[in-house]
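# Notes for the structure review
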Amino acid sequence: MKKHNYKAQITWTGNEGSGTSKYNEYNRNHEIKILEKQDIIKGSSDPSFLGDKTRYNPEDLFISSLSSCHMLWYLHLCSVNNIIVTEYIDNVTGIMEESKDGSGKFTNVTLHPKVTITDQTKINLANELHEEANKMCFIANSCNFKIDHNPTTISI
């Protein structure tokens with residue numbers, strides 16, 4: 001079995017002078033840097049947890065990872081099945097449930113890809129390939145809940 005290793009550096013940038021002395025007196029801002037990548041992702045926590053709403057939070061990045069991985073597999077599968085995709089947009093949604101103790105977990109993520117292809121006769125196959133993409137997606141395979149799909153496919 002082939003193994004792939006990934007590394008990231010997360011740096012907390014939110015110390016406003018007194019560290020984490022009190023829950024509501026420190027900033028949740030941080031930076032995510034991946035070696036050999038040009039841009040730094042500016043992160044925070046969700047505003048519900050005193051984060052900065054203008055920065056990416058882990059939950060945003062999680063659903064984005066699921067959507068991106070699915071899309072990349074889907075485009076690959078369309079390519080090898082001679083389906084020409086000219087546009088792909090996904091408005092992914094996710095539900096995270098918070099427990100009484102403050103922990104939480106995602107219970108649902110739904111992908112809503114809107115795909116445009118060139119051949120109307122391949123719309124059914126194009127829709128079916130979403131299930132195969134889900135089976136192949138590394139991120140989806142790492143989740144302990146089913147990823148739902150609500151695709152719309154049109155042809156030009």
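In what follows, the structure referred to is the one given above.
Reading guide: rules and limits
- Residues numbered from 1 in each chain as written.
- Predicted model: local features only at pLDDT ≥ 70, side-chain atom pairs only at ≥ 80, totals over all residues.
- Heavy atoms only, no water.
- Helix = DSSP H or I, 4+ residues; strand = E, 2+ residues; numbered from the N terminus.
- Buried < 20%, exposed > 50% of the residue type's maximum accessible area, 1.4 Å probe, protein only.
- Contact = heavy atoms within 4.5 Å.
- Areas by Shrake-Rupley, 256 points an atom, 1.4 Å probe, with all protein chains shown as cover.
- Lys, Arg positive; Asp, Glu negative; His and termini not counted.
- Charge placed at Lys NZ, Arg CZ, Asp CG, Glu CD.
- 1 Å grid on protein atoms, 1.4 Å probe; cavity = no way out; pocket = protein on both sides within 12 Å on 5 of 7 lines; lining within 4 Å.
- Points joined across faces, edges and corners; volume = space filled by probe spheres on them.
- Nonpolar A, V, L, I, M, F, W, Y, C, P; charged D, E, K, R; others polar.
- Expected span 1.5 Å × (residues − 1).

Within the chain, the secondary structure is distributed over three helices and nine strands. Along the chain direction, N to C, the helices and strands of the chain fall in the order β-β-β-α-β-β-β-β-α-α-β-β. Principal-axis analysis of the C-alpha atoms gives the chain an extent of 65 × 40 × 35 Å. Split into buried and exposed, the 156 residues of the chain put 30% on the buried side. Within the chain, counting contacts between residues at least 6 apart in sequence, those at least 24 apart form 52% of the total. For the chain, the exposed surface amounts to about 10800 Å²; the carbon and sulfur share of it is 51%. On the chain, the mean spot of the 16 positive side-chain charges and the mean spot of the 19 negative ones are 5 Å from each other.

Empty space within the largest pocket amounts to approximately 380 Å³. Lining the largest pocket are H4, Y6, P58, L61, F62, S65, F138 and I139. In terms of residue count, the dominant contributor to the lining of the largest pocket is helix α1 (residues 58-80) (four residues). For the lining of the largest pocket, a count of residues per class yields six nonpolar, two polar and no charged. Estimated volume of the second largest pocket: approximately 160 Å³. The wall of the second largest pocket is formed by Y6, K7, I34, K37, D39 and I41. Residue composition of the lining of the second largest pocket, grouped by class: three nonpolar, no polar and three charged.

Before going further, it helps to examine helix α2 (residues 123-136). Compared with an ideal rise of 1.5 Å per residue, which puts 14 residues at 20 Å, α2 spans 20 Å between its outermost C-alpha atoms and is within 8% of the ideal. Those residues of α2 not exposed but buried are I123, A126, L129, H130, A133 and N134. For α2, the elements touching its buried residues are α1, β4 (85-90), β7 (113-117), α3 (138-141), β8 (147-149) and β9 (152-155).

Just distances and angles here, no functional claims.
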